[in-house]
Amino acid sequence: MTKLAGKTALVTGSSRGIGRATAERLAREGALVAVHYASRAEAAQETVAAIEAAGGKAFAVQAELGVAGDVDTLFGALESGLKERTGGTALDILVNNAAIMGGVAPEEVTPELFDRLVAVNAKAPFFILQRALTLMPDGGRVINISSGLTRFANPQEVAYSMTKGAVEQLALHFAKHLGPRGITVNSVAPGITNNGSPVFDIPEAVEQMAQMSTFGRVAEPRDVGDVVAFLASDDARWITGAFIDASGGTLLG
Ligand code: NAP
């Protein structure tokens, strides 16, 4: 599998979960992948090691998103990592994946929590994309990870879902803006995906969550990572501005 040979990719939040599976798949296709993380350096190193063990190329980049100077920190590390390995700073593929959830009742959402959700989940992806475009050659790929919760109600996540509604707008407007450069911009919306958090160790909880998908199971991260890898490939060159439902049929109702 070498569909992405010679390409470079940044996957935000790829130390764990969907981001990690995406990074691993892009690397398996031949891309050099920047594995971004916030604080779990060990998890990021594990992802890099797994990629290398499978014959791929990757390096870790640290940056806390949602704080002042976040994009400068991220791109400082990214550009030096790319330069060291490729001699340049071209970035072909951006996956805006890192995000945080809310998990509180609508009555409990504070202005501080709301601001943090917006900063990490909506503001950071916008400015990461803006900066990435200065490095992205024609024909590049941008994939923003949204959520089925922009189409499926969960009151505990109203503020989170508002940020995902915002991030979906990137595909519509940037797709139009970047079409002349052959750059595609799409949204991928996962449903419930086993990201290793403790709830996935509770069989009754997993069984209940599995009922939401028409396939009767929760997603594994690679179920989503494979969709992202398709959108990153040349095979998806004619898809832009799209909302891709990767929820295993959860949105069918
Ligand atoms: P996850 O397992 O919770 O991992 C989150 C990743 O984002 C980690 O790499 C983490 O880095 C990074 N991150 C978190 N906050 C950050 C911050 N402030 N600055 C920089 N990096 C930060 O994630 P996931 O569940 O796989 O979700 C991935 C994406 O899919 C998200 O956009 C999420 O909204 C979306 N999604 C997930 C599900 C699901 O059921 N899992 C469903 C729908 C949509 P550290 O390891 O350093 O903490």
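Residues numbered from 1 in each chain as written. Predicted model: local features only at pLDDT ≥ 70, side-chain atom pairs only at ≥ 80, totals over all residues. Heavy atoms only, no water.

The protein chain goes by ChaV in an unreviewed UniProt entry, where it is assigned to Streptomyces chattanoogensis. Its UniProt record gives the protein chain a comment under Sequence similarities (unreviewed entry), which states: "Belongs to the short-chain dehydrogenases/reductases (SDR) family." (UniProt positions renumbered as here; feature names shortened; annotations may be inferred.)

Student: I'd like a description of the site of the ligand, backed by residues and values.
Tutor: Around the ligand, a shell composed of 30 residues is seen, among which Ser15, Ser39, Asn97, Tyr160 and Asn195 lie nearest. Arg40 has a polar backbone atom sitting 2.8 Å from an oxygen atom of the ligand. Within the side chain of Lys164, one N or O atom sits 2.8 Å away from an oxygen atom of the ligand. Of all the elements in the fold, those that place two or more residues in the shell around the ligand are α1 (17-28), β2 (32-37), α4 (111-132) and α5 (158-178). Each residue belonging to the shell around the ligand can be placed in one class, and the counts come to 13 nonpolar, 12 polar and five charged. (Near = heavy atom within 4 Å. Polar contact = N/O pair within 3.5 Å; in protein donor to acceptor, adjacent residues only side chain to side chain. Helix = DSSP H or I, 4+ residues; strand = E, 2+ residues; numbered from the N terminus. Nonpolar A, V, L, I, M, F, W, Y, C, P; charged D, E, K, R; others polar.)

Student: Describe the environment of Gly139, listing the residues and the values that go with them.
Tutor: Following the sequence through the fold, Gly139 ends up in the loop between α4 and β5 (141-145). Among the residues examined, Gly139 registers a relative accessible area of 37% and is labelled partly exposed. Sequence separation between Gly139 and Gly30 is 109 residues, and the spatial gap between their C-alpha atoms is 17 Å. Not counting residues up to four positions away in its chain, the partners in contact with Gly139 are Arg181, Gly182 and Ile183. (Buried < 20%, exposed > 50% of the residue type's maximum accessible area, 1.4 Å probe, protein only. Contact = heavy atoms within 4.5 Å.)

Student: If you had to explain the sheet that holds β5 to someone new, which residues and values would you point to?
Tutor: Sheet strands associate in pairs through backbone hydrogen bonding, adopting either a parallel or an antiparallel arrangement. Spatial strand order, β3-β2-β1-β4-β5-β6-β7: seven strands in an open sheet with parallel pairing. At either margin of the open sheet sits one strand with a lone partner, and together these are β3 (57-62) and β7 (243-246). Within the sheet, the average angular offset between the axes of one strand and its neighbour, ignoring direction, is 20 degrees. Bridging between β2 and β3 involves six bridges; their strand directions are parallel. Following the sheet pairing, His36 is matched in β3 by Val61. Each of β1 (8-11), β2 and β3 touches helix α3 (residues 70-86); the most contacted strand, β3, lies at about 155 degrees to it. (Pairing = 2+ DSSP bridges. Axes fitted to C-alpha atoms, helices over the stretch in contact; angles between N-to-C directions.)

Student: An account of the pairing of β1 is requested, with residue identities and associated values reported.
Tutor: Where burial is concerned, the two faces of β1 agree: the one with Thr8 and Leu10 and the one with Ala9 and Val11 are both buried. Strand direction decides the pairing type here: β1 and β2, joined by four bridges, are parallel. Across the sheet, the residue bridging to Ala9 is Val33, located in β2. Between β1 and its parallel partner β2, the chain crosses via α1, and the hand of that crossover is right-handed. (Right-handed = clockwise from strand over helix to strand, strands pointing away.)

Student: Please give an account of helix α6 (residues 203-210) that cites residues and values.
Tutor: If you check which residues of α6 are buried, you get Ala205, Met209 and Ala210. An end-on view of α6 places all buried positions within 135 degrees of arc, on one side of the element. Of the exposed residues in α6, those oriented more than 90 degrees away from the buried face are Pro203, Glu204, Glu207 and Gln208. (Arc of directions from axis to C-beta.)

Student: With reference to specific residues and values, describe α5.
Tutor: Between its first and last C-alpha, α5 extends 31 Å over 21 residues, near the 30 Å set by a 1.5 Å rise per residue. By the burial criterion, the buried members of α5 are Ala159, Tyr160, Ser161, Thr163, Lys164, Val167, Glu168, Leu170, Ala171, Phe174, Ala175 and Leu178. Residues of α5 that are buried sit in contact with α4, β5, β6 (184-190) and β7. (Expected span 1.5 Å × (residues − 1).)

Student: Lay out the side chain of Asn186 in plain terms, naming residues and giving numbers.
Tutor: Positionally, Asn186 belongs in strand β6. Among the polar contacts made by the side chain of Asn186, one reaches the main-chain carbonyl oxygen of Ile239 at a distance of 3.0 Å. In contact with Asn186, not counting residues within four places along its chain, are Val142, Ile143, Asn144, Ala171, Leu231, Ile239, Thr240, Gly241 and Ala242.

Student: Can you tell me about the pattern of salt bridges, naming the residues and giving the values?
Tutor: Pairs can form between side chains of opposite charge whenever their charged atoms are close. Applying the stated criterion across every chain, the model contains 12 salt bridges. A salt bridge links Asp234 to Arg237, with the shortest nitrogen-to-oxygen separation between them at 3.5 Å. Shared partners join several salt bridges into a network, and the residues in it are Arg20, Glu24 and Glu46. (Salt bridge = Lys/Arg side-chain N within 4 Å of Asp/Glu carboxyl O.)

Student: Can you lay out the nonpolar core for me, pointing to particular residues and giving the numbers?
Tutor: Counting 31 residues, the largest nonpolar core has Leu10, Leu74, Phe75, Leu78, Leu94, Ile128 and Val185 as the members making the most contacts within it. Tallying contributions element by element places α5 first for this core, with six residues. By size, the runner-up hydrophobic cluster in this structure holds 27 residues, among which are Val11, Ala23, Ile51 and Val188. (Core = buried A, V, L, I, M, F, W, Y, C linked by side-chain atoms within 4.5 Å.)

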